[in-house]
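# Architecture and fold: a report
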Amino acid sequence: MVNNAATLGRSGVHDFILIRASAIVLALYSVFMMCWFICTPEVTYEAWSGLFSNLAMKIFTILAVIAVLFHAWIGIWQVLTDYVKNTMLRGLLQFLFTITLFVYVAAVLLTVWGV
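Just so we're clear, the structure is a prediction, and the values are computed from it rather than from any experiment. Sequence order as written defines residue numbering, which begins from 1 separately in each chain. Thresholds applied to this predicted model are a pLDDT of at least 70 for local features of residues and 80 or more for the giving and counting of side-chain atom pairs; totals over whole chains, interfaces and linings are not thresholded and use all residues. Note: side-chain values were computed over all heavy atoms of the structure, leaving out hydrogens and water.

For any pair of aromatic rings, geometry is given as the distance between the ring centres together with the angle between the planes. Stacked, tilted and edge-to-face are the three classes applied to pairs of Phe, Tyr and Trp rings, where Trp contributes its six-membered ring and a pair requires centres within 6.5 Å; stacked means planes under 30 degrees apart, edge-to-face means over 60, and tilted covers the rest. Counted by the stated rule, this structure contains seven aromatic pairs. Centre to centre, the rings of Trp36 and Phe37 are 5.2 Å apart; their planes meet at 75 degrees, and the pair counts as edge-to-face. Exposure classes here rest on a 1.4 Å probe applied to the protein chains alone. A residue is buried below 20% of its type maximum, exposed above 50%, and partly exposed in between. A relative accessible area of 14% means that Trp36 is categorised as buried. On the numbers, 4.9 Å between centres and 55 degrees between planes, the contact of Trp48 with Phe52 is tilted. Residue Trp48 and its partner Phe52 are both found in helix H2 (residues 45–53); the two are separated by four residues, about one turn of the helix. Each member of the aromatic cluster is reached from another via a ring pair, and the members are Trp36, Phe37, Trp48 and Phe52. Labels follow the DSSP assignment, with helices taken as runs of H or I lasting at least four residues and strands as runs of E lasting at least two, numbered in each case from the N terminus.

Quick look at the structure:
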């Protein structure tokens, strides 16, 4: 059996479950944010800062960003594996996308915990 280090899960089933779980987290976060925008009469800096100063919101936001990381990582791996046959090019693209995803996560962590 060949072990592939590029996937997050140990098998296709684990990747499938991670994709679905991350999609649920992202859907819940999107619905919450949409409801917040609808229910907030005037979105000001104070309202926005108040929302993100809550510890539960910070944790929910970080959970959503980690879900984006998992979702994108597995999705990019699947697309590149299917469509980019050149091994060197695929490895380079996976490396670039992975670095970009981790930079996004770091930026969100710094932004969310900076409030």
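Within this analysis, patches are made of residues with over 30% relative accessible area and no salt bridge. Like charges are joined at 9 Å or less; nonpolar side chains (Val, Leu, Ile, Met, Phe, Trp, Tyr) at 5 Å or less. All accessible-area figures derive from a Shrake-Rupley calculation using a 1.4 Å probe, and residue coverage is judged against the displayed protein chains alone. Any carboxyl oxygen of Asp or Glu that lies within 4 Å of a side-chain nitrogen of Lys or Arg is treated as forming a salt bridge with it. Taken together, the side chains of Leu89, Leu92, Phe95, Leu96, Ile99, Val103 and Tyr104 make up a nonpolar region of the molecular surface, amounting to roughly 690 Å² of accessible area. Its place among the elements puts Leu92 in helix H4 (residues 87–114).

Here Val43 lies in the loop between helix H1 (12–39) and H2. Val43 gets classed as partly exposed once you look at its relative accessible area, which sits at 41%. Along the sequence, Val43 and Ile99 sit 56 residues apart, while their C-alpha atoms lie 33 Å from each other. Ignoring anything within four residues of it in the chain, the contact list for Val43 reads Trp36 and Phe37. Whether two residues are in contact is decided by their heavy atoms: any pair within 4.5 Å suffices.

So, on to helix H3 (residues 55–83). Relative to the 42 Å expected for 29 residues at 1.5 Å per residue, H3 spans 42 Å between its end C-alpha atoms, a close match to the ideal helical length. Of the residues making up H3, those classed as buried are Met57, Lys58, Thr61, Ile62, Ala64, Val65, Ala67, Leu69, Ile74, Trp77 and Leu80. The secondary structure elements touched by the buried residues of H3 are H1, H2 and H4. Pairing of N or O atoms within 3.5 Å defines a polar contact, subject to two protein rules: one partner must be a possible hydrogen donor and the other a possible acceptor, and residues neighboring in sequence count only if both atoms are side-chain atoms. One side-chain oxygen at the N-terminal end of H3 lies 3.2 Å from the backbone nitrogen of Ala56; it belongs to Asn54. Here, expected helix span is obtained from the residue count minus one, scaled by 1.5 Å.

For H2, the complete set of buried residues consists of Ser49, Leu51 and Phe52. One side of H2 holds all its buried residues, which, seen down the axis, span an arc of 160 degrees. As for H2, its buried residues are in contact with H1 and H3. Think of it as the arc spanned by the lines of direction from the helix axis to the C-beta atoms.

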